[in-house]
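# Fold and contact review
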Amino acid sequence: MADNCLFCKIAKGEIPSQKVYEDENVFAFRDINPQAPAHIVIIPKKHIKDLNSLSEGDDLIIGYVQAAAATIALQFPEMKNGYRVVNNCGADAGQTVFHIHYHLLGGRSFGWPPG
């Protein structure tokens with residue numbers, strides 16, 4: 001974990017959050033600015049800046065995060081008809097916290113293309 005990373009601090013409990021899921025590899029919490037009725041942020045506990053910064057073995061962590069997204073979605077009735085998992089990689093894509101994270105959104109119909 002990085003000392004001055006917002007998401008690392010949330011995962012360590014140094015900054016309060018509305019936790020919805022935690023295990024040895026993943027921490028998930030409600031987004032403070034929800035874009036859907038159910039909007040969860042899922043992070044690996046290991047600090048990784050973004051997809052372009054993956055190291056050897058991090059593919060396992062990213063796979064674990066994806067599997068956790070499906071597990072978390074089952075907790076929310078709003079997601080029973082579908083949900084979206086989003087990762088923004090880099091500032092131009094909308095990444096504002098540089099700790100890899102995924103948005104799990106559900107509870108409304110989403111259009112395509114996004115953005």
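Everything in this summary refers to the structure shown in the same document. Fair warning: this is a prediction, and the values are worked out from it, not measured in the lab.

### Some thoughts on the sheet that holds strand S2 (residues 26-30)
Pairing is antiparallel in the open sheet, where five strands are placed in the order S1-S2-S3-S5-S4. For this open sheet the edge positions go to strand S1 (19-22) and strand S4 (83-86), each flanked by a neighbour on one side alone. In this sheet, adjacent strand axes meet at a mean angle of 20° when their direction is disregarded. Here five bridges tie strand S3 (residues 38-44) to strand S5 (residues 102-106), and the two strands are oriented antiparallel to one another. Among the inter-strand pairings, Ala38 is bridged to a residue of S5, identified as Gly106.

### Here we look at the pattern of salt bridges
The tally for this structure, following the rule as stated, stands at four salt bridges. Linking Lys45 and Glu22 is a salt bridge whose minimum nitrogen-to-oxygen distance equals 2.9 Å. Here the residue Lys45 occupies a position in the loop between S3 and helix H2 (58-73), and Glu22 occupies one in strand S1, the gap between them amounting to 23 residues. One salt bridge connects Lys46 with Asp58, and the closest N-O pair in it is separated by 2.6 Å. Linking Lys46 in the loop between S3 and H2 with Asp58 in helix H2, this pair joins segments that are 12 residues apart in sequence. The exposure class of Lys46 is partly exposed, given its relative accessible area of 37%. Of the residues examined, Asp58 reaches a relative accessible area of 2% and is grouped as buried. When salt bridges that share partners are traced, they join Lys19, Glu22 and Lys45 into one network.

### Let's talk about the nonpolar core
If you look at soluble globular proteins, the nonpolar side chains tend to sit buried side by side. Membership of the largest hydrophobic core comes to 20 residues, with the highest contact counts inside it found for Ile40, Ile42 and Ile72. Looking at this core, the elements that each hand over two or more residues are S1, S2, S3, H2 and S5. With seven residues, H2 is the largest single contributor of residues to this core. Apart from the residues lying within four places of it in its own chain, the contact partners of Ile40 are Val20, Ala28, Phe29, Arg30, Asp31, Ile72, Phe76, Met79, Tyr102, His103 and Leu104. In this structure, Ala2, Phe7, Phe27 and Val97 belong to the second largest nonpolar core, which totals 11 residues.

What counts, and where the lines are drawn
- Residues numbered from 1 in each chain as written.
- Predicted model: local features only at pLDDT ≥ 70, side-chain atom pairs only at ≥ 80, totals over all residues.
- Heavy atoms only, no water.
- Pairing = 2+ DSSP bridges.
- Helix = DSSP H or I, 4+ residues; strand = E, 2+ residues; numbered from the N terminus.
- Axes fitted to C-alpha atoms, helices over the stretch in contact; angles between N-to-C directions.
- Salt bridge = Lys/Arg side-chain N within 4 Å of Asp/Glu carboxyl O.
- Buried < 20%, exposed > 50% of the residue type's maximum accessible area, 1.4 Å probe, protein only.
- Core = buried A, V, L, I, M, F, W, Y, C linked by side-chain atoms within 4.5 Å.
- Contact = heavy atoms within 4.5 Å.

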